[in-house]
Amino acid sequence: MAKEECNSQWHKPRDPFAVRNRKVFPSPEQTHKSLITPESKNKQGDNTFPSNGSSADFPARRRVDSSNTLLLIVVTGLSFATRLYKITEPPHVCWDETHFGKMGSYYINRTFFFDVHPPLGKMLIALAGYMTGYDGTFPFVKPGDKYEHHNYWGMRGFCAVLGSFLPVFAYLIVQELSQSHTAAIITATLLIFDTGCITISQYILLDPILMFFIMAAVLSMVKFNQQSYRPFTAPWWLWLILCGGALACALGVKFVGLFVILLVGLNTVKDLWRILGDLSLSLIDVAKHFLARVAGLILLPLFLYVTIFAVHFVLLNKSGPGDGFFSSTFQSRLIGNNLYNVSMPEYLAYGSTITVKNLRIAGGYLHSHWHLYPEGVGAKQQQVTAYLHKDHNNMWLVRKPDNDTQSGSPDLVRHGDIIRLEHKETTRNLHSHLHQAPLTKKHFQVTGYGLNGTGDTNDLWQVEVCGGRKGDLVKVLRSKVRFLHRATGCVLYSSGKSLPKWGWEQVEVTCSPYLKETPSSQWNIEDHINPRLPNISLSLLKPNFLEILLESHIVMIRGNSGLKPKDNEMNSKPWHWPINYQGLRFSGVNETEYRVYLLGNPVVWWINLASLGLYLIVVALASVVIQRGISPQQKRIEHSDVLRGGGGLLLLGWLLHYVPFYVMGRVLYYHHYFPAMLFSSMLTGVTLDILLRNADLLLRQPYSDWLHRGGQMVLLFTILYSFHLFHPLSYGMTGPLAHEPGSAMAGLKWMDSWEF
């Protein structure tokens, strides 16, 4: 009967304060509702008001609102103070500033470059630099370079401001999920005084920008969930749109944004399932809810994400260091590139002089030079390599097998034709045989052989247009071509491996016996010179926006998967991260240098790790109690709802932002854990708050209250004191190292793997 009254009351119009502050006692079935529902709003709060809406309630409400506002101001002030303190120190390039600062300069100069991440973060860094007087002239060559007179503080300050919002967003998220100021304060304290979060926010990096949008998306999602009792109102639409926008921006900074998209997607599916089960709603109402979410969480983010790339392509319209990573047709749209607005024959013909470009990332141009392979490396014949830059040694002549000269209009090369490629500078033919390749031992060696067009049958290659049929013409720039060696049946291949110094550290070219089509075995004709053929303007061959958008994503994905650890490079492992096993040097190595070391406050991180275990234990016990039909106090039911609802959401967020790294093949670094650390800290706030509020399970009054308040004070003091000990990691260390006497960090190297 009580449940029926609650449900009938739910559909009645009511005073907004009454809805906001009403207290509901759910039945056991209601404990399994969606993550956060209007029924649970404020029921776990530290401050609960009567729902009769009487004027006597307003002074109490005003006191709590003012108290909440004051707490939020304190959290915001402390967060900004800890992030902006010593923002200009050290006055030199630190760690990955050499990459992202340089990319900001490229945007200001409108110079095209390549990066494995989407462009939004770098565009925002460039905008911040431009707005604060940075002119884009600092080269960002290597860490340690002095900034001198260049205005770098604007870019650092922008990242620090976004990083300062992380504790604020976490405070608001936890407050909404738990309706507890104490849980929110614990969470904010953990993040404000974490040395790792401070350090990663103070430099020109993508991480604070990424985490800002991740947290903005989660906050918007939680706020949107809280509006479910008044759908299609202005606040409901506002939080839905803000959530969709934040998702687009998170993905626009790094592909890691996919994890928060998955989190919001799972929450949305659960929400729609709840709506489908609400029999008071018609199917038309259900359809409206579904379409609204499609518009706000799919179509809007997709539109914004594509718009980010449209702006990116418009801004970067000049040829730059990123040209070689992209196809020839892509390069033809860049001002200053040798393919920009030039004319050349459209179809490949015999007698043409060409350059041949491999389609893998950094695959290079087919290249040869007078140098021979050294003794013991296959046949001692002329080297054939792939070279990443434009060069006259990249030019090749297309010949018929019999070397007949042509008069009149030249014959066009077609799919299935047999050709020879003669190196223009040295007149040697592209050649392969059964000798091992220099580095890729299961492949065959490719050399330059013969002289002035003479050679043997190992110089013959069959042209294959990918996806083509016999007789199809080879289109300049647009056709993907493979060269099959007639004698051995292998295919011309760029391995991507750098040759030793005898090969001038150029890229190895082999003949692969594995005939599967891959970018490494695919080539396209870039430069094409033949005075006996009519020219067309390459502007006619320029790709459209969707083509360059697709290509840029293919190149980014390949680039990400190709990020492998280099020789002697420290490759962090995911299991290292939660235990704070090892940090990263941001600046300095020896005692004479200004040293900054990225390492989370070990007390904060180990509290987070312990809280993950505590959370699982407490939820398991609460679930057993409910399953056994034991009737706990109303307070315990409310706490269980918070742990399984809001806590479950945060645990899911942590898992989605952490577990996928175990299956990634790319090189990993410590800083990849920080988005997951945000969710872990929020879960810690919720878990510890509920544990302390249930002290009366151990002690009777007033001792339980003393334990509750005493536990809060001990936790706060421990975090503050640990920050006092480890703050030099963030704000800079000079003088002796930690293991030396007289060091400011003496006795604080608690793990041998820490390198400060």
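Residues numbered from 1 in each chain as written. Predicted model: local features only at pLDDT ≥ 70, side-chain atom pairs only at ≥ 80, totals over all residues. Heavy atoms only, no water.

Topic: the overall build of the protein chain
A count of helical and extended segments in the protein chain gives 20 helices and 16 strands. Going through the 756 residues of the protein chain one by one, you find that 54% of them count as buried. Looking at the protein chain alone, contacts between residues at least 24 apart form 75% of all its contacts between residues at least 6 apart. (Helix = DSSP H or I, 4+ residues; strand = E, 2+ residues; numbered from the N terminus. Buried < 20%, exposed > 50% of the residue type's maximum accessible area, 1.4 Å probe, protein only. Contact = heavy atoms within 4.5 Å.)

Describing helix 7 (residues 181-192)
With 12 residues, helix 7 extends 16 Å between its outermost C-alpha atoms, agreeing within 8% with the 16 Å of an ideal straight helix rising 1.5 Å per residue. Among the 12 residues that make up helix 7, 11 are buried, leaving the element largely enclosed by the rest of the structure. Taken together, the buried positions of helix 7 are occupied by His181, Thr182, Ala183, Ala184, Ile186, Thr187, Ala188, Thr189, Leu190, Leu191 and Ile192. The backbone nitrogen of Thr182 lies 3.4 Å from a side-chain oxygen of the residue at the head of helix 7, namely Ser180. (Expected span 1.5 Å × (residues − 1). Polar contact = N/O pair within 3.5 Å; in protein donor to acceptor, adjacent residues only side chain to side chain.)

Section: the confidence of the model for the protein chain
Looking at the protein chain, the pLDDT average stands at 86 and 89% of residues meet or exceed 70. When the criterion is pLDDT under 50, residues 1-56 qualifies, and its contacts beyond four places in sequence or with other chains add up to 89 contacts. (pLDDT = per-residue confidence, 0-100.)

Notes on the state of the cysteines
Using the criterion set out here, one finds one disulfide in the structure. A sulfur-sulfur separation of 1.9 Å characterises the disulfide bridge that pairs Cys490 with Cys511. Judged by the sign of its S-S torsion, about 95°, the bond between Cys490 and Cys511 is right-handed. In this pair, Cys490 is assigned in the loop between strand 10 (481-485) and strand 11 (491-498) and Cys511 in strand 12 (residues 507-512), connecting sequence segments 21 residues apart. (Disulfide = S-S within 2.5 Å.)

Let's talk about the packing of helix 10 (residues 234-253) against helix 12 (residues 283-315)
At a closest axis distance of 8 Å, the pairing of helix 10 and helix 12 adopts a crossing angle of 35°. Here helix 10 and helix 12 pass one another in a crossing that is right-handed. Residue-level inspection shows Trp236, Trp237, Leu240, Ile241, Cys243, Gly244, Gly245, Leu247, Ala248, Leu251 and Gly252 of helix 10 in contact with helix 12, the latter providing His289, Ala292, Arg293, Gly296, Leu297, Leu300, Pro301, Leu304, Tyr305 and Ile308. A per-class count over the contact of helix 10 with helix 12 returns 15 nonpolar, five polar and one charged. (Axes fitted to C-alpha atoms, helices over the stretch in contact; angles between N-to-C directions. Left-handed = near helix turned anticlockwise from the far one by under 90°. Nonpolar A, V, L, I, M, F, W, Y, C, P; charged D, E, K, R; others polar.)

Thoughts on a nonpolar patch on the surface
Among the surface-exposed residues, Leu697, Leu698, Leu699, Tyr703, Trp706 and Leu707 lie close enough to one another that they form a single nonpolar patch of about 670 Å² accessible area. For Leu697, a relative accessible area of 59% gives the class exposed. (Patch = residues over 30% accessible without salt bridge, like charges linked within 9 Å, V, L, I, M, F, W, Y side chains within 5 Å. Areas by Shrake-Rupley, 256 points an atom, 1.4 Å probe, with all protein chains shown as cover. Salt bridge = Lys/Arg side-chain N within 4 Å of Asp/Glu carboxyl O.)

Focus on the packing of helix 7 against helix 18 (residues 674-693)
Look at helix 7 against helix 18: their axes get within 8 Å of each other, and the N-to-C directions meet at 140°. Accordingly, the angle class assigned to the pair helix 7 and helix 18 is oblique. Where helix 7 crosses over helix 18, the handedness of that crossing is right-handed. Across from Thr182, Ala183, Ile186, Thr187, Leu190 and Leu191 in helix 7, the residues of helix 18 making contact are Met677, Leu678, Ser681, Met682, Thr684, Gly685, Val686, Leu688 and Asp689. Residue classes in the contact of helix 7 with helix 18 are distributed as nine nonpolar, five polar and one charged. (Parallel < 35°, antiparallel > 145°, perpendicular 65-115°, else oblique.)

A word on the pattern of salt bridges
For the structure on display, the rule yields 15 salt bridges. A salt bridge links Glu526 to Lys390, with the nearest nitrogen and oxygen atoms 2.4 Å apart. With Glu526 in strand 13 (residues 523-529) and Lys390 in the loop between strand 4 (382-387) and strand 5 (396-399), the pair connects residues that are 136 residues apart, well separated along the chain. Classification of Glu526 by relative accessible area gives buried; the value is 0%. Judged by its relative accessible area of 39%, Lys390 is partly exposed. Two residues, Glu422 and Arg399, come together in a salt bridge whose shortest N-O distance is 3.4 Å. With Glu422 in strand 6 (residues 418-423) and Arg399 in strand 5, this pair connects stretches of sequence that are 23 residues apart. Salt bridges sharing partners connect three or more residues here, namely Asp271, Arg274 and Arg293.

A closer look at the environment of His433
Here His433 lies in strand 7 (residues 429-436). The spatial distance from the C-alpha of His433 to the C-alpha of Ala379 is 9.0 Å, given a sequence separation of 54 residues. At 3.2 Å, the side chain of His433 forms a polar contact with the side chain of His431. Within the structure, the side chain of His433 is placed 2.8 Å from the side chain of Gln445, a separation counted as a polar contact.

Some words on the pairing of strand 13
Judged by how many residues are buried, strand 13 sits mostly within the fold: six of seven residues are covered. The pairing of strand 2 (residues 353-358) with strand 13 spans five bridges and is antiparallel. Considered in strand 13, the bridge of Lys357 is made with Asn524. (Pairing = 2+ DSSP bridges.)

Concerning the packing of aromatic side chains
Counted according to the given criterion, the structure contains 50 aromatic pairs. Measuring from centroid to centroid gives 5.2 Å for Phe212 and Phe213, while their planes differ by 80°, and the two rings are edge-to-face. Considered together, Phe212 and Phe213 belong to a single accessibility category, that of buried residues. Clustering of aromatic rings is evident, with ring pairs tying together Phe259, Trp577, Trp605, Trp654, Tyr658, Phe661, Tyr662, Tyr670, Tyr673 and Phe674. The ring of Phe330 is capped by Arg333, whose NZ or CZ atom sits 5.1 Å from the centre of that ring. Looking at Lys400, its charged tip hangs above the ring of Tyr350, at a distance of 5.2 Å from the centre. (Phe/Tyr/Trp six-rings, centres within 6.5 Å; stacked < 30°, edge-to-face > 60°. Lys NZ or Arg CZ within 6 Å of the ring centre and 35° of its normal.)

Some words on the environment of Val509
By secondary structure assignment, the location of Val509 is in strand 12. With a relative accessible area of 1%, Val509 lands in the buried category. Measuring from C-alpha to C-alpha, the distance between Val509 and His443 comes to 9.6 Å, with 66 residues separating the pair along the chain. Look past the residues within four positions of Val509 in its chain and what remains in contact with it is Leu366, Val384, Thr385, Ala386, Val446, Leu492 and Tyr493.

Examining helix 12
Taking 1.5 Å of rise per residue, 33 residues should cover 48 Å, and helix 12 covers 46 Å from first to last C-alpha, within 8% of that figure. Its maximal kink placed at Ala295, helix 12 deviates by approximately 30°. All of the buried residues in helix 12 are Val286, His289, Ala292, Arg293, Gly296, Leu297, Pro301, Tyr305, Ile308, Phe309, His312 and Phe313. (Bend = angle between axes of the 7 residues up to and from the residue.)

What to know about the side chain of Asp115
Structurally, Asp115 can be placed in the loop between helix 4 (97-109) and helix 5 (120-131). For Asp115, a relative accessible area of 13% translates into the label buried. Looking at Asp115, its side chain comes within polar contact range of the side chain of Lys122, at 2.7 Å. Asp115 has contacts with Phe100, Met103, Lys122 and Met556, leaving out every residue within four places of it along the chain.

Comments concerning the environment of Tyr365
The residue Tyr365 is located in strand 3 (residues 365-372) in this model. Look at Tyr365 and you get buried, because its relative accessible area is 4%. Along the backbone, Tyr365 and Asp391 are 26 residues apart, and their C-alpha atoms lie at a distance of 8.9 Å. Sequence-distant contacts of Tyr365, defined by excluding residues within four places in its chain, comprise Gln331, Thr355, Val356, Lys357, Thr385, Ala386, Tyr387, Leu388, His389, Lys390, Asn394 and Glu526. Of the polar contacts made by the side chain of Tyr365, one reaches the side chain of Glu526; its length is 2.8 Å.

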